[in-house]
Amino acid sequence: RSHSTMALVRDRYGAKLATGYLGVGAVILTTGVVTDSVAATVLAGLVGLLVLGSITGTTTLATLRFLERRTAAIADGELDTRVETTRSDEFGRTAESVERMRQTLADRIEAAERAREEAEAAREEADEIATRHQAIAERYAETMAAAATGDLSQRVDVTTVDATEETRAMEV
């Protein structure tokens, strides 16, 4: 049972605060019972709450500043900025979520860049095919124009045109 209580305190920020407040309450109660002095009890309460506030406030602000710096770097495009923490409470889970989001974003950008490169290669290949087909069409047009003027000796050898155009394409 104590293991599950410790896990609860470790995994929940609210449980950490509640434990701190219970500790301060115990110190205040003990001070009041032992000293039987209202002034000492009030002073113990103020000191305890100041210490608790300082500790929790400092760790909370430090964690928030850490997350702020990391998320700002990621927002600025620095997707190699890792968000790692040893915390297992809500702040730790938030950091883990930001890290998963960073990795997912980096993966998607990488996939989009690969798709763009593949599309560019396909476009270049399509341009080459279009150029070859244009050359064949021009040869047919020349042959047809010659035939229209009565010169029926002209022929288009498609295999020669393809080989010639491939040779020209390789030279470029």
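Placed above this text is the structure.
The structure displayed is predicted, hence computed values, not measured ones. (Residues numbered from 1 in each chain as written. Predicted model: local features only at pLDDT ≥ 70, side-chain atom pairs only at ≥ 80, totals over all residues. Heavy atoms only, no water.)

1. Observations concerning the pattern of salt bridges
Applied cut-off: In the sections that follow, a salt bridge refers to a side-chain nitrogen of Lys or Arg positioned within 4 Å of a carboxyl oxygen of Asp or Glu. Only DSSP runs of H or I covering at least 4 residues are called helices, and only runs of E covering at least 2 are called strands; the numbering of each starts at the N terminus. Here's how the labels work: a residue is buried when its accessible area is under 20% of the maximum for its type, exposed when over 50%, partly exposed in between, all with a 1.4 Å probe on protein chains only.
This structure, assessed with the given rule, holds seven salt bridges. Here arginine 87 makes a salt bridge to aspartate 89, at a shortest N to O gap of 2.5 Å. Between aspartate 127 and arginine 123 there is a salt bridge, with its nearest N and O atoms 2.6 Å apart. Remark: arginine 123 and aspartate 127 occur in helix H4 (residues 90–148); sequence separation between them is four residues, near one turn of the helix. The exposure class of aspartate 127 is partly exposed, given its relative accessible area of 38%. One network of salt bridges, in which partners are shared, links Arg82, Glu99 and Arg102.

2. Description of the packing of helix H3 (residues 38–75) against H4
When two helices pack together, their arrangement is given by the angle between the helix axes and the distance between those axes. So the rule is basically this: Convention adopted: a line fitted to C-alpha atoms gives each axis, helices being fitted over their contacting stretch, and angles between N-to-C directions are expressed from 0 to 180 degrees. Should an angle fall under 35 degrees it is called roughly parallel, over 145 degrees roughly antiparallel, and 65 to 115 degrees roughly perpendicular, with every other angle called oblique. Contact definition: two residues touch when any of their heavy atoms are within 4.5 Å. Polarity classes work like this: nonpolar for Ala, Val, Leu, Ile, Met, Phe, Trp, Tyr, Cys and Pro, charged for Asp, Glu, Lys and Arg, and polar for all others, with Gly in that last group.
Where H3 meets H4, the axes come as close as 11 Å, and the angle between the chain directions of the two elements is 5°. Relative to H4, H3 is oriented roughly parallel. Counted together, Thr60, Thr63, Leu64, Leu67, Thr71 and Ile74 of H3 and Phe91, Thr94, Ala95, Val98 and Arg102 of H4 form the full contact between these two elements. When the residues that make up the contact of H3 with H4 are grouped by side-chain class, the tally is six nonpolar, four polar and one charged.

3. Here's the deal with the side chain of threonine 60
Examined against the element boundaries, threonine 60 turns out to sit in helix H3. If near-sequence neighbours (up to four positions away) are discounted, threonine 60 is found in contact with Tyr13 and Phe91.

In short, geometric facts, not functional conclusions.
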